[in-house]
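Here are the chains, one letter per residue:
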Amino acid sequence: MNLQKKIVVYYFIFALSGFSGLIYESVWSHYLKLFLGHAAYAQALVLVIFMGGMALGAWLTSKIIHQFKNLLMAYAVIEGIIGLMGLGFHNVYVHIAELSYNKIFPALDSPALVHTYKWLIAAILILPQSLLLGTTFPLMSNGVIRLLPDAPGRRIAMLYFCNSIGAAIGILVAGFYLISKTGLPGTILAAGLLNILIALAVYFIARPVGTAGTAPLPATAKATAFLAKRLALVFLFAAFITGAASFIYEIAWIRMLSMVLGSSTHAFELMLSAFITGLALGGLYIRKHIERYENPLRVAAIVQIAMGLLALATVPLYNYSFEVMAFFMSALGRNEDAYILFNLSSHLIALAVMLPATFCAGMTLPLFTFILLKKDCGEQSIGYVYAANTIGAIIGVLFTLFIGMPVLGLKGAIMSGAFLDIALGLALYLIYARAMGHSYLRPVAAASILIFVGIGGFVQIDPAKMASGVYRTGDAGAIERDAEILAHMDGQTASISVIKWDAGAGITISTNGKPDAAIAVDEGEEPTEDESTMILSSALPLAIHHKPERIANIGFGSGMSTHTLLLSEQVKQVDSIEIETKMIEGAKFFQAKNHKAYSDPRSRIYIEDAKTFLSTHNKHYDIIISEPSNPWVSGIASLFTIEFYNEVKQHINAGGLFVQWLHAYESNIHLIASILKAISASFADYQIYAANDVDLLIIASPDGRINLPGGELFNNAALAAQLKTIGVNNIHDLAIRFLGNKSLLDPHLHSNAVSVNSDFFPVVDQQAARARFISSISRELQAVSYFPVPILQILIPELGDYKLDDATQSDVLWASNFADDAQRIYYFLTNKQGADATVSDLLSINLLKQFAAQCSADINERMWVDAMLELHIKTVAFLHPERLQEISAAIAPECEAPLSDTQSKLLGLYSAFGENNPAALVKYSRYLLDKNIAQDRTQREFLFSTLLLGLIATHDYQDAMLLWDDLTGKLYQYAEDIPFPLQVMRSFALEKMNE
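Residues numbered from 1 in each chain as written. Predicted model: local features only at pLDDT ≥ 70, side-chain atom pairs only at ≥ 80, totals over all residues. Heavy atoms only, no water.

Asks: How should I be thinking about the environment of E525 in this particular structure?
Replies: Positionally, E525 belongs in the loop between β4 (514-519) and α15 (529-544). On the basis of relative accessibility, which here comes to 17%, the residue E525 falls in the buried class. A sequence separation of 19 residues divides E525 from G506, and the C-alpha atoms of the two residues are 7.5 Å apart. Reaching out from E525, the side chain makes a polar contact with the backbone nitrogen of V521 at a distance of 3.2 Å. Here D522 takes part through its backbone nitrogen, which lies 3.2 Å from a polar atom of the side chain of E525. (Helix = DSSP H or I, 4+ residues; strand = E, 2+ residues; numbered from the N terminus. Buried < 20%, exposed > 50% of the residue type's maximum accessible area, 1.4 Å probe, protein only. Polar contact = N/O pair within 3.5 Å; in protein donor to acceptor, adjacent residues only side chain to side chain.)

Spelled out as structure tokens, the structure:
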């Protein structure tokens, strides 16, 4: 193989090296956000350690690079070691994490020590590989230049491009494919194997080099002269500054664009890919021109100034990016196919914002290195420049995370980076001007300052657009049009907005444009759906636990849940754990409804991530409530994993409870099943309640069966008044929200093929963003409560103590509306006080009343049968058996002429529901099915469901399965057409049969 072909192969190999390198960075972010507790910290820390390790590796390589005869063989060895370390990373992480959470965190006395330890361990985990990765660029670059010393600038730029474009592709392949298919262990294993293949390929290509390419490039006497040393220092400083500015931009742009593209893991990967793509294209461009520049110093100065000005231009451009996303959202359908286009559109927006400035950034490193090589500073220049650039990147990340965004805000952070670039460019231009004897420095400086001051003073980032959540709503102007921004704060982990809506819609607190809580604070306003969830997440466990004293609430949100808990005199302490300080500040706008969270001496607020807080403080609680944001938000899905639940249950006292708020909107039954599988594997029992039709509350117990709620809660006047605001007036209002428990639901959930949601196989993190985009809503579990046959009441007999028809009618709960309709029918047919005249508009119900009163032969039997079936469908699942018996007595005619068999069996079936007699349900429904009295699928489905339920309740599981096989094919064309409640009954019977 001739040298030219070898060089091309090395370019390709170095692209693969970049590909694997960014797989590591991506996967390390996932691992470390599990360890550190928040995605923003993990992403920043990975960048810091990743860049720091590469800087150290590049610097050390530069110190000893002249000692290597064959740099490419050294490169092969390094790649092999990186690969071997990748193969063992997962097992090392698991052992260290278990040791840390179980032994070391509890032994440390302070959160500061825990944070220090976590950062130290994170560095130990990824620094060695990062250091080795840092050696690859100077080794490969100098190795290639030794082979072909002509045009070193072009070689460096091409290698920079190949490595960067491989990295841009690697982050996407890892994030969108490998992690989803193979989990974190499989993904990092794939990267390790790729490094080993790279090592073997380079070894076999580089081995027969002979004497070619083994000697270091000569450094002339000028390299040791003072001028050469000063020049080297100048460009090392320049590399440092441009690295710092570039990563100020990256961190700020990622936060900015998270409010345009969403805060999901996939959105972060798209943004990172766009950033690296800009660097790669800049390197590709400079490759074609770098050898032609008469004065590369002048070009470097112009590029630096242009980079700063283009970064400034992202501030006004950012405001328009919301409109572009709104356009894409309106143009795209909300379906699976359009989700691909949505991600492509998101990538285009990220490129539009980042590409111009990062294109310039991609030119700087090759230019600086080329200038030093041309000045005979030696091949160590490559490693030194690379190291200085990455050290600058570290400083940029830390500055932005801890000072830039929290103190200066997003715009201030961008401007600080632009200031560095412009100042550096002007300084380089000054050096060039002095050397050449002429200059356009003054007009260039004046123009730069004018643009800087103009954007700084007159262009503002629109907080209304930032809070719009355009990636969800498709409307960038909703807040500007219909609301007022009360506050906008850029915190370390997120940007928090507080919005007051017009037309009595209350106040919303949002994280990166995603509403986390909405509360009606003005007197006379109707409570929001969120209030129902927040109040019930606290009230339900208080109604179940016999004596709750110590409670932890994970996720402060609006503070309303903490406030509700503190209304109980039994509660002695509530610890609220929130990771973002600005959320605590923003929630102060809700003090009309959350003031106890701030003022009650029993309330304590901790700024921590939940897993670290629990293991560090080693506290134990009677109740732990978890109220995280939606699982599609990056880092949040780790609060829905089996590992998190196993950690939580270790901090629950005997007889204690765990409460999980689970969003049914922007989700689907497969994601919910994955989470419930994790809960089921960790807890001995669980119950599910509907806070409203789009929010679920899961109550879990680590050590025993959970009781149903008790009515003592309503003896507390303060709690009763709080519950009354959301239409919960009695114990029946809690019972009607019951959707099932572990014994009923587990058999079907475990038949779902979806994997258990895990830290290392993050089903929810990978798939939830897609569910958000297509606006998926899961109502399968809720459907169990309003299915026309009383599944819950018959299979969970203790529910019979509650009168669901005495529940308060609620506009946000479908089951209560069905119960309310059934109650009005009861009043009408039994002539009770409270009868609603509108029921008489139902022809079928009126017909039954008329027939019972008159025994009229004029009434067609077919019409009566249809009316009777409609009565069954509308009432038997929603009225207490006592009331069903009253209706039976009211509609049973006393006629001289005998009733037909069909009529008598239909009346008998209704009475069987009233008597709660499963054997009679089987007898009458089987007869009516055999007689084929049902005229449409709704009627057939009801009779089939009744017979199936009766067979299960009488433990005749084998007949239930035979019935299923016989009738489902006749009722439903496709398996997905079968209602979820029927699937639950079938799975329940199948498991019982196989016990």
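Asks: Can you walk me through the packing of aromatic side chains in this structure?
Replies: Each aromatic ring pair is specified by the distance between its two centres and by the angle formed by the two planes. In this structure the tally under the stated criterion is 38 aromatic pairs. On the numbers, 5.5 Å between centres and 80 degrees between planes, the contact of Y689 with F738 is edge-to-face. Linking Y689 in strand β10 (residues 685-692) with F738 in strand β12 (residues 738-741), this pair joins segments that are 49 residues apart in sequence. Given the relative accessible area of 1%, Y689 is considered buried. Among the aromatic side chains, those forming a connected cluster through ring pairs are Y24, W28, Y31, F89, Y93 and F760. Taking NZ or CZ as reference, R334 lies 5.6 Å from the ring centre of F773, over its face. When the ring centre of W632 is taken as reference, the NZ or CZ atom of R772 above it lies at 4.7 Å. (Phe/Tyr/Trp six-rings, centres within 6.5 Å; stacked < 30°, edge-to-face > 60°. Lys NZ or Arg CZ within 6 Å of the ring centre and 35° of its normal.)

Asks: Could you clarify how one ought to interpret unusual backbone geometry in this entry?
Replies: What is expected of a backbone is that most residues other than glycine have negative phi and most peptide bonds are trans. Positive phi, normally seen in glycine, also occurs at N618, with a value near 50 degrees. If you trace the backbone, N618 turns up in the loop between α19 (610-617) and β8 (621-626). Even without being glycine, E666 reaches a positive phi, approximately 50 degrees. Relative to the helices and strands, E666 resides in the loop between β9 (652-663) and α21 (669-682).

Asks: What's the story with the pairing of strand β5 (residues 550-554) in this structure? I'm lost.
Replies: Looking along a regular strand, one sees the side chains alternate between the two faces of the sheet. Of all 5 residues that make up β5, 4 are buried, and the element is covered over most of its length. Where β5 and strand β6 (residues 573-578) come together, 5 bridges link them in parallel fashion. The residue bridging A552 from the neighbouring strand is D575, located in β6. Read from β5 through helix α16 (residues 560-565) to β6, the crossover connection turns out right-handed. Sheet topology places β5 next to β8; 4 bridges connect them, and they run parallel. By the bridge assignment for β8, I554 is matched with S626. (Pairing = 2+ DSSP bridges. Right-handed = clockwise from strand over helix to strand, strands pointing away.)

Asks: When you look at the sheet that holds strand β3 (residues 507-511) in this model, what are you seeing that I'm missing?
Replies: Sheets are built from strands paired through backbone hydrogen bonds, the pairs being either parallel or antiparallel. Spatially, β1-β2-β3-β4 is the arrangement adopted by the 4 strands of the open sheet, whose pairing is antiparallel. On the outer flanks of this sheet lie β1 (483-490) and β4, each paired with one strand and no other. Averaged over all adjacent pairs, the angle separating strand axes in this sheet is 20 degrees, with direction ignored. (Axes fitted to C-alpha atoms, helices over the stretch in contact; angles between N-to-C directions.)

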